[in-house]
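Per-entry structural report
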Amino acid sequence: MKPLGPIPAQFGSSDGELAIAGRTAADLVEQAGGTPLFVYSRQLIADRIARLRAAMPGDLAIHYAVKANPYLPIIQAMDELVDGFDIASGGELARVIEAKIDPAAVSFAGPGKRDDELSAAICAGVTINLESEAEAERALRRAEAAGVTPRLAIRVNPDFDLKGSGMKMGGGAKPFGLDAERVPALVRQIIAAGAEWRGFHIFAGSQALSADAIIETQAQTLALAARLARASGAALPHVNLGGGFGIPYFPGEEPLDLEKVGAALAERMADLPDELADTRFCIELGRYLVGEAGVYLTRIIERKVSHGEVFLITDGGMHHQLAASGNFGTVVRRNYPVAIASRFTARTEEEASVVGCLCTPLDRLADKAGFPRAEVGDLVAVFCAGAYGASASPMHFLGQGPARELLV
Ligand SMILES: *Cc1c(COP(=O)(O)O)cnc(C)c1O
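Quick caveat: nothing in here was measured; it's all calculated off a predicted structure.

Definitions and limits used
Residues numbered from 1 in each chain as written. Predicted model: local features only at pLDDT ≥ 70, side-chain atom pairs only at ≥ 80, totals over all residues. Heavy atoms only, no water. Helix = DSSP H or I, 4+ residues; strand = E, 2+ residues; numbered from the N terminus. Buried < 20%, exposed > 50% of the residue type's maximum accessible area, 1.4 Å probe, protein only. Polar contact = N/O pair within 3.5 Å; in protein donor to acceptor, adjacent residues only side chain to side chain. Domains from an automatic or database assignment. Contact = heavy atoms within 4.5 Å. Buried area = accessible area lost by both parts, 1.4 Å probe. Arc of directions from axis to C-beta. Pairing = 2+ DSSP bridges. Salt bridge = Lys/Arg side-chain N within 4 Å of Asp/Glu carboxyl O. Near = heavy atom within 4 Å. Areas by Shrake-Rupley, 256 points an atom, 1.4 Å probe, with all protein chains shown as cover. Phe/Tyr/Trp six-rings, centres within 6.5 Å; stacked < 30°, edge-to-face > 60°.

1. So, the side chain of Asp378
Topologically, Asp378 is positioned in the loop between β20 (364–371) and β21 (379–382). When its relative accessible area of 9% is taken as the criterion, Asp378 is described as buried. A polar side-chain atom of Asp378 sits 2.9 Å from a polar atom in the side chain of Ser342.

The structure is reproduced here in structure tokens:
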């Protein structure tokens, strides 16, 4: 039997069934009109952010990286919970505008911004995190044509990466950001061009569970920001320190020691070099805010035995849960936290694989894991589904289409 990932401790049961926000999985499926369904808990998101605020220095702003989950009700709910939003496309810009987010609290990163996306963001008053000199030129031209003063920051490609992170986004040659040594010249150029200078965006990686790795990266980030501010000769209004706070998805992974990260950052921020004395700081987090607050529910439509192995075939699959199927940024396939939602408290009785309905061997949600004996009609829950699920999976593969989504 292969182990399953850890089910987030926040989930309980009601009458033996999985309960989310105090309601049974079956009840939520009925409200949504069927499966497959993503359920997101507003309370769990709020609890997570409250804990984050308690752990982090009080003057550190918290931004939500919309990429993790752009579901409109989540963006709207976040408006009361976070201090800013980071977007990475014109599509996400349209979402935050639709959600009536204040554009002054939004910044836009991403290595291939089109001219029309730059124009829309600049005219809305969004800060552009410039990723190259060429993009800076295009942004300045677009702003001039529109007759507005652009808000411009520079995304720095740091000369270090976040150790142990699932996805490295700094250190060495990267399509993201401007190599650090070229930054001071561009700062001077965009200030001379009359733009509103907003500061640096330094994002070194994602999905780190080691507090020590994050602490080290934050220290390096502050040192780099100070060095670049000194070399630029300009005041530094703002630094986005990146994020990278991970959540445990796989067997044996432990939650991040948030309090340790917060204490170390508070210590650093209380003793900043002169260049950063008047600088404001934020972190940007995606999965850490929403990942564990989401559950994907899918129904068993067939129970099949082949060569002695049990397959629970569901009406969902990798087209909504690419990451749980092991096909999104993982090298070795390991099991996500998965459970039979309708028999949540029942004991393990058999080994089974949970598969999706797609006609490909890639479509596997749990491989040879221990479950209570499940039957046709039972609901399966895939946990840690609140980030990079619905919007990061090939929903149109095999003509399947989107899952339902519900914020409760
Ligand atoms: C993807 C991304 C994030 C969010 O990463 P998480 O692992 O979800 O926290 C934040 N900032 C940037 C620049 C990103 O590309």
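2. Some words on the domain arrangement of the protein
Segmenting the protein into domains produces domain 1 (12–40 + 292–407) and domain 2 (70–285). The straight-line distance from the C-alpha centre of domain 1 to that of domain 2 is 34 Å. In this complex, domain 1 contributes 12 residues to the contact, which on the side of domain 2 involves 11 residues. Overall, the association of domain 1 and domain 2 removes approximately 1200 Å² of surface from exposure, summing both partners, and the carbon and sulfur fraction of that is 69%. Sorting the residues of domain 1 by area buried against domain 2 places Glu292, Arg334 and Leu407 first, and these three jointly supply 36% of that buried surface.

3. Describing helix α4 (residues 90–98)
For α4, the set of buried residues is Gly90, Glu92, Leu93 and Val96. End-on view of α4: buried residues confined to an arc of 155°, all on one side of the axis. For α4, the secondary structure elements touched by its buried residues are α3 (72–78), β6 (84–87), β7 (106–108) and α5 (115–124). The N-terminus of α4 is capped by Ser89, whose side-chain oxygen sits 3.2 Å from the backbone nitrogen of Gly91. Lys100 sits one or two positions beyond α4 and adopts a positive phi of about 60°.

4. Some thoughts on the sheet that holds strand β1 (residues 12–14)
Reading across from one edge, β1-β2-β3 is the order of the three strands in this open sheet, with antiparallel pairing throughout. Looking along the sheet, the strands with just one partner apiece sit at the ends: β1 and β3 (23–24). Bridge analysis of strand β2 (residues 17–20) against β3 gives two bridges, and the strand direction is antiparallel. Across the sheet, residue Ile20 finds its bridge partner in β3, namely Arg23.

5. Quick word on the pattern of salt bridges
Once the charged atoms of two side chains with opposite charge are near each other, the side chains can pair. Evaluation of the coordinates by the stated rule reveals 24 salt bridges. For Glu131, the salt bridge is made with Arg155, and the minimal N-O distance between the two is 3.0 Å. Taken together, the residues span a long stretch of sequence, with Glu131 in the loop between β8 (127–130) and α6 (133–146) and Arg155 in strand β9 (residues 151–157) at a distance of 24 residues. Just as Glu131 is buried, Arg155 falls in that class too. Between Arg343 and Asp378 there is a salt bridge, and its shortest N-O distance comes to 2.6 Å. Taken together, the positions of Arg343 in the loop between β18 (338–340) and β19 (350–355) and Asp378 in the loop between β20 and β21 put the pair 35 residues apart, joining distant regions of the chain. Arg343 sits in the partly exposed class, given a relative accessible area of 29%. Taken together, the salt bridges that share partners define one network made up of Lys113, Glu131, Glu135 and Arg155.

6. A look at the site of the ligand
Taken together, 12 residues are adjacent to the ligand, and Lys67, Ser206, Gly286, Arg287 and Tyr388 come closest. At a separation of 2.5 Å, an oxygen atom of the ligand approaches a polar side-chain atom of Ser206. One of the side-chain N or O atoms of Glu284 is found 3.0 Å from a nitrogen atom in the ligand. Bound to the protein, the ligand loses 93% of the 390 Å² it would expose on its own.

7. Brief notes about the side chain of Thr127
Note on placement: Thr127 falls in strand β8. Only 3.1 Å separates the side chain of Thr127 from the side chain of Arg198, close enough to count as a polar contact. The residues contacting Thr127, other than those within four sequence positions of it, are Val106, Ser107, Phe108, Arg151, Ala153 and Arg198.

8. As for the packing of aromatic side chains
Each aromatic ring pair is characterised by the separation of its centres together with the angle its planes make. A complete count under the given rule lists 12 aromatic pairs for this structure. Taken together, a centroid distance of 6.1 Å and an interplanar angle of 20° make the contact between Phe38 and Tyr40 stacked. A ring pair is formed by Tyr64 and Phe85, whose centres lie 6.4 Å apart and whose planes are at 85°; its orientation type is edge-to-face. Here Tyr64, found in strand β5 (residues 60–65), pairs with Phe85, found in strand β6; they are 21 residues apart in sequence, far enough to count as distant.

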